[in-house]
Amino acid sequence: MEETITKERAARLMLPLHRPPDAYKNMCGVVGAVAGSAGMAGAAVLCGRAALRTGCGLMQYYAPAAIRDVLQIAVPEATWYERVPDEKILSVDVIAMGPGLGYHEEDQRVLDYVFSRFEGTLVLDADGLNDVVRMDLAQSLRRGPAHVIMTPHPGEASRLLGGVRITDRIEAAKALAERYEAVVVLKGHETILCRQGEILVNRETGNPGMATGGSGDVLTGTIASLAAQGLPPWEAAQAGVYLHGLAGDLAAGEKGENGLLAGDICETLPLAIKTMIGR
């Protein structure tokens, strides 16, 4: 029987977000984003802004030089590094991989390097998930040391499961969690979370206005930031899903649902956190 993620549960999980008086940026976690490509820099921007708005201390992009200036201007708080397989990319607390990544054969070396060596939490979304299939990296992902959180929509879930049609989202989430030994966040109305057969559903937050381009990129950054601040993967996924939905509800309350943008959700994240933990 699935359980609901309640406000009380999410607030309890988010208690570590209270910062001590002597907090400094490295204490608050470092997120690295393997994200963005020519024509899809916006997804990386939204992911990075969401991570920072959720409270991580440092944000680092690993992206092509073609979009470096876009990222530096759109997210001046972040730093940029060339997307190559070297030890720098392994030094962060959490890697958010996939938003705006696209499909580029040269990225396979980076993905395989991260999958096989990274020991932190890896949040996989969008083309990070698609590339697992397209580049035949499932074995590398499963055998690697990272703690994996996958955030597919039903189409991505279908590809990860070999192209099967998703008719039962709960069973699909269970199958993904088992196949990839991961925490699974299956997005959609009443987002489903699964870990080792355990099922949670977010029925309390979120609205139809969040069905807009970039909303998933904001969720990826949110979950990555919470994990970087010390929440274990299962807890980061729960709190992130609830918080993302609450930010969407607050933004919709101000702007309405029809014209809601992913950027609006991102900018409302600090208020959602304040609503949950009082700061």
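Rules and cut-offs
- Residues numbered from 1 in each chain as written.
- Predicted model: local features only at pLDDT ≥ 70, side-chain atom pairs only at ≥ 80, totals over all residues.
- Heavy atoms only, no water.
- Core = buried A, V, L, I, M, F, W, Y, C linked by side-chain atoms within 4.5 Å.
- Buried < 20%, exposed > 50% of the residue type's maximum accessible area, 1.4 Å probe, protein only.
- Contact = heavy atoms within 4.5 Å.
- Helix = DSSP H or I, 4+ residues; strand = E, 2+ residues; numbered from the N terminus.
- Phe/Tyr/Trp six-rings, centres within 6.5 Å; stacked < 30°, edge-to-face > 60°.
- Lys NZ or Arg CZ within 6 Å of the ring centre and 35° of its normal.
- 1 Å grid on protein atoms, 1.4 Å probe; cavity = no way out; pocket = protein on both sides within 12 Å on 5 of 7 lines; lining within 4 Å.
- Points joined across faces, edges and corners; volume = space filled by probe spheres on them.
- Nonpolar A, V, L, I, M, F, W, Y, C, P; charged D, E, K, R; others polar.
- Pairing = 2+ DSSP bridges.
- Axes fitted to C-alpha atoms, helices over the stretch in contact; angles between N-to-C directions.
- Salt bridge = Lys/Arg side-chain N within 4 Å of Asp/Glu carboxyl O.

Trainee: Can you break down the nonpolar core residue by residue, with the values?
Mentor: Soluble, globular proteins show a tendency: their nonpolar side chains are buried together. Counting 62 residues, the largest nonpolar core has Met14, Tyr61, Leu71, Val185, Leu193, Val218 and Met276 as the members making the most contacts within it. If sequence neighbours within four positions are ignored, Met14 has contacts with Ala239, Leu243, Ile273, Met276 and Ile277. Formed by 40 residues, the second largest nonpolar core is a distinct cluster that contains Val30, Val132, Ala173 and Leu176.

Trainee: Got a sec to walk through unusual backbone geometry? Specific residues and values, please.
Mentor: Positive phi, normally seen in glycine, also occurs at Asp136, with a value near 55°. A positive phi angle, close to 50°, is found at Gln196, a residue other than glycine. Residue placement: Gln196 occurs in the loop between strand E9 (192-195) and strand E10 (198-201).

Trainee: For the packing of aromatic side chains, give the residues involved together with the corresponding values.
Mentor: Scanning all chains against the criterion turns up 1 aromatic pair. Taking the centre distance of 5.5 Å and the plane angle of 20° together, the rings of Tyr62 and Tyr81 count as stacked. You can see Tyr62 sitting in strand E3 (residues 58-63) and its partner Tyr81 sitting in strand E4 (residues 79-82), a full 19 residues away along the chain. For Tyr81, a relative accessible area of 27% gives the class partly exposed. Across the ring face of Trp80, the terminal group of Arg68 is positioned such that the distance to the ring centre comes to 5.3 Å.

Trainee: Residue-level account of the layout of surface pockets, with values.
Mentor: Estimates place the volume of the largest pocket at around 660 Å³. Along the walls of the largest pocket sit 29 residues, with Lys187, Gly188, Met210, Ser215 and His244 positioned nearest its centre. Residue assignment for the lining of the largest pocket shows that the elements contributing at least two residues are helix H7 (154-160), helix H9 (215-228) and helix H10 (233-255). A per-element tally of the lining of the largest pocket places H9 first, with 4 residues. A breakdown of the residues in the lining of the largest pocket according to their chemical character gives 7 nonpolar, 15 polar and 7 charged. What the second largest pocket holds in volume is close to 280 Å³.

Trainee: Which residues make up the sheet that holds strand E6 (residues 121-124), and what values do they have?
Mentor: The 10 strands are arranged E1-E10-E9-E8-E7-E6-E5-E2-E3-E4 in an open sheet whose pairing can be described as mixed. Looking at strand neighbours, the two that pair on one side only are strand E1 (3-4) and E4, the edges of this open sheet. Bridge analysis of E9 against E10 gives 4 bridges, and the strand direction is antiparallel. If you follow Leu193 over to E10, its bridge partner there is Leu200. Its contacts with the sheet put H9 on strand E2 (30-34), strand E5 (94-97), E6, strand E7 (147-150) and strand E8 (183-186), and the angle it makes with E5 is roughly 170°.

Trainee: Would you mind going over the pattern of salt bridges in detail, with residue names and values included?
Mentor: In this structure the tally under the stated criterion is 11 salt bridges. Residue Asp107 pairs with Arg83 through a salt bridge whose shortest N-O separation is 3.3 Å. Highlighted residues: Asp107 in helix H4 (residues 107-117) and Arg83 in the loop between E4 and E5, separated in sequence by 24 residues. Like Asp107, the residue Arg83 is buried in the burial classification. The network of salt bridges with common partners includes Glu2, Glu190 and Arg203.

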